[in-house]
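Each chain is listed here by its residues.
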Amino acid sequence: MRESKTVEFKREYTENLKYEILAFANTSGGTVYIGVDDDGTAVGISDIDKTMLSITNLIRDSIRPDITLFTDVHVTKMDGMEIIAVDVQRGTDRPYYIHGKGLRPEGVYIRQGTSSVPASHAAILKMIKETSGDSYEEAVSFLQDLSFSKAGESFTRHNLEFEEVQKRTLGMIDGTGRYTNLALLFSDQCPHTIKVAVFQGRDKAVFKDRREFSGSVLGQLEEAYDYISRYNRFRAEFSGLERIDRKDYPEEALREALVNAVVHRDYSLPGPVLINIFDDRIELTTLGGLVKELTLNDIMLGVSVLRNRNLGNIFYRMQLIEAYGTGISKIFSSYEGSRRKPELEVSDNAFRITLPNLNFTDKPEKPRKKIDYREQKIISLFGEKETIARKDIENALNVSQATAILLARDLVDKGIFLKESGGKYQRYRLNDDVVDS
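Residues numbered from 1 in each chain as written. Predicted model: local features only at pLDDT ≥ 70, side-chain atom pairs only at ≥ 80, totals over all residues. Heavy atoms only, no water.

1. A word on the overall build of the protein chain
Consideration 1: On a plain count of helices and strands, the protein chain comes out with 15 helices and 19 strands.
Consideration 2: Its C-alpha atoms give the protein chain a radius of gyration of 34 Å, more than 25% over the compact-globule value 22 Å for 437 residues.
Consideration 3: Seen through its principal axes, the protein chain has C-alpha atoms that stretch 125 × 45 × 40 Å.
Consideration 4: Within the protein chain, the proportion of its 437 residues that are buried is 46%.
Consideration 5: Put simply, 60% of the contacts in the protein chain that link residues at least 6 apart link residues at least 24 apart.
Consideration 6: Carbon and sulfur atoms provide 47% of the accessible area of the protein chain, an area that totals close to 23,500 Å². (Helix = DSSP H or I, 4+ residues; strand = E, 2+ residues; numbered from the N terminus. Rg over C-alpha atoms; globule rule 2.2 N^0.38 Å. Buried < 20%, exposed > 50% of the residue type's maximum accessible area, 1.4 Å probe, protein only. Contact = heavy atoms within 4.5 Å. Areas by Shrake-Rupley, 256 points an atom, 1.4 Å probe, with all protein chains shown as cover.)

2. Things to note about the sheet that holds strand 9 (residues 194-200)
Through backbone hydrogen bonds, the strands of a sheet pair up, either in parallel or in antiparallel fashion.
Consideration 1: Reading across from one edge, 10-9-13-14-16-15 is the order of the six strands in this open sheet, with mixed pairing throughout. With one partner strand each, in any of the chains shown, strand 10 (206-213) and strand 15 (343-346) form the two edges of the open sheet. Shown here is a sheet whose adjacent strand axes are inclined to one another by a mean of 15°, direction ignored.
Consideration 2: Relative to strand 16 (residues 350-356), strand 15 runs antiparallel, the two being bridged by four bridges. (Pairing = 2+ DSSP bridges. Axes fitted to C-alpha atoms, helices over the stretch in contact; angles between N-to-C directions.)

3. Re unusual backbone geometry
It is generally the case that most residues other than glycine have a negative phi and that most peptide bonds are trans.
Consideration 1: Along the chain, R64 connects to P65 via a cis peptide bond; the corresponding omega equals -10°.
Consideration 2: Of note, P65 is situated in the loop between strand 3 (63-64) and strand 4 (71-78).
Consideration 3: The amide bond that connects R94 to the next residue, P95, takes the cis arrangement and shows omega of 0°.
Consideration 4: Considering the arrangement of structural elements, one finds P95 in the loop between strand 5 (81-88) and strand 6 (97-98).
Consideration 5: The phi torsion at D79 lies on the positive side, around 55°, for a residue other than glycine.

4. Structural notes on helix 14 (residues 401-413)
Consideration 1: Here helix 14 is 13 residues long and its end C-alpha atoms lie 19 Å apart, about the 18 Å a rise of 1.5 Å per residue gives.
Consideration 2: Burial in helix 14 covers these residues: A404, L407, A408 and L411. In an axial view of helix 14, the angular spread of the buried residues amounts to 95°, which keeps them on one side of the axis. Exposed and oriented more than 90 degrees from the buried face of helix 14 are L406 and D413.
Consideration 3: Backbone geometry just after helix 14 places G415 at a positive phi near 85°. (Expected span 1.5 Å × (residues − 1). Arc of directions from axis to C-beta.)

5. Some words on the environment of K247
Consideration 1: If you trace the backbone, K247 turns up in strand 12 (residues 242-247).
Consideration 2: Setting aside residues up to four positions removed in sequence, K247 forms contacts with N232, R233, F234, L358 and N359.

6. Quick look at the pattern of salt bridges
Consideration 1: Scanning the model with the defined rule gives 25 salt bridges in all.
Consideration 2: We note a salt bridge from K391 to E394, for which the minimum N-O separation is 3.8 Å. Of the two residues, K391 and E394 are both situated in helix 13 (residues 390-397); the distance of three residues between them amounts to about one turn of the helix.
Consideration 3: On the basis of relative accessible area, K391 is assigned to the partly exposed category, the value being 47%.
Consideration 4: When salt bridges with common partners are traced through the structure, they connect R202, D280, R281, E283 and R340 into a single cluster. (Salt bridge = Lys/Arg side-chain N within 4 Å of Asp/Glu carboxyl O.)

7. Details of the sheet that holds strand 5
Consideration 1: Pairing within the open sheet is mixed, and its four strands lie in the order 1-2-5-4. What marks the edges here is a single partner per strand, and that holds for strand 1 (7-10) and strand 4. Across the sheet, the mean angle separating the axes of adjacent strands is 25° when strand polarity is ignored.
Consideration 2: Examined bridge by bridge, strand 2 (residues 30-34) and strand 5 share five bridges and lie antiparallel to one another. Bridging across to strand 5, T31 finds its partner in D87.
Consideration 3: Docked against the sheet, helix 1 (residues 17-26) engages strand 1, strand 2, strand 4 and strand 5, running at close to 165° with respect to strand 2.
Consideration 4: Taken strand by strand, helix 2 (residues 48-62) contacts strand 2, strand 4 and strand 5, and its axis lies near 150° from that of strand 4.

8. Describing helix 13
Consideration 1: Residues D392, I393, E394 and L397 constitute the buried set of helix 13.
Consideration 2: The secondary structure elements touched by the buried residues of helix 13 are helix 12 (373-379), strand 17 (387-389), helix 14 and strand 19 (427-430).
Consideration 3: Taken from the residues just after helix 13, N398 is the one with a positive phi, measuring 55°.

9. With respect to the nonpolar core
Generally speaking, nonpolar side chains in soluble globular proteins are found buried as a group.
Consideration 1: Among the nonpolar cores identified, the biggest contains 59 residues, and F155, M172, F186, I275, F315, I353 and L355 are the most heavily contacted of them.
Consideration 2: If we ignore the near neighbours within four places in the chain, the residues touching M172 are F155, F162, K167, R178, Y179, T180, L182, A183, F186 and I314.
Consideration 3: In terms of nonpolar packing, the next biggest core, distinct from the first, is built from 24 residues, A23, V32, I34 and I45 among them. (Core = buried A, V, L, I, M, F, W, Y, C linked by side-chain atoms within 4.5 Å.)

This is the structure:
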């Protein structure tokens, strides 16, 4: 008998024995013989009972998940000498790792030939996929040193408990006590992001601003929505004396589109959720396309198949989504009566929804004349009044009635003044949209 991929000799017990046991459990199983030289010569063990106790304690305390059910420590004889054999089966909860080192190459070992060596990142991910199936959120997280400060705040704000028992129930911790990818999504260490870019005009020729939101998907959702809302401005129109304010985008449409992008994306694909803001529209692009067997017509009918079932369940509990399959219909309903409608585009690996700006007009704005010092002085009158009359202009500038009328008329033509009433008692209001811009 000689050392091989499934056989390892150890002259005496040392704590380094855990690396061999770990490597066998992660690869094809095997046996470690303690009390045997590297050349296969039996040398025996002086204290069998003490050594066996040390080995069982080492297996229990040093390797995660628990591998005791896949090992058998017993005494055997070789060349008339008593030695200890540790039989290790290939485990079902791979990858196994050294307690305290986590699912990193320095913590995960595999068997190569007659040696036990650190596993590569690719080998670790392959083991995770083999034992967890195709579900990304149910697979064991490559990162195990996770914190949940932002998620904890969000759960508390929604009157939901977020202790270990709840994490297990929600699917963030698996049966072996390891964090899943679902936990990774809610953790402060989440590697997936949302990127927002703002452009001037209707194309990407002129770039204005860019932000990237990272950390827990709950934090990303809140921060991205707050940022996008800065570009969802009120526009004012007047119908007689009544002022009508309307936002560029229905708030419900923005909210539903953003939540859908987070819930339905395929997190197994690298790359962020992309949001592009133009003068006339907002585009939200999500990786993953549609779930298999679904079509765009199915989506329009309200059919919903969650790619991330556990993630959707948590969002439902937090009332971030009301019911499955209603998001797209809500987006379209919020544009009811509008000439421009949202658009959906689907490819094999991406899904895009475009929300049109309700207040955008293709008509070019009239160029505004410069404001001279007299007009600036007139505008300053609004620091004390909401509306002014022709007489206020006369008094402020010490000019004639005719001159005051001409100045007011010029400010109306420039779009700076809005007429409040007519005739002899004509009054003027400052156009806040023009002055703010």
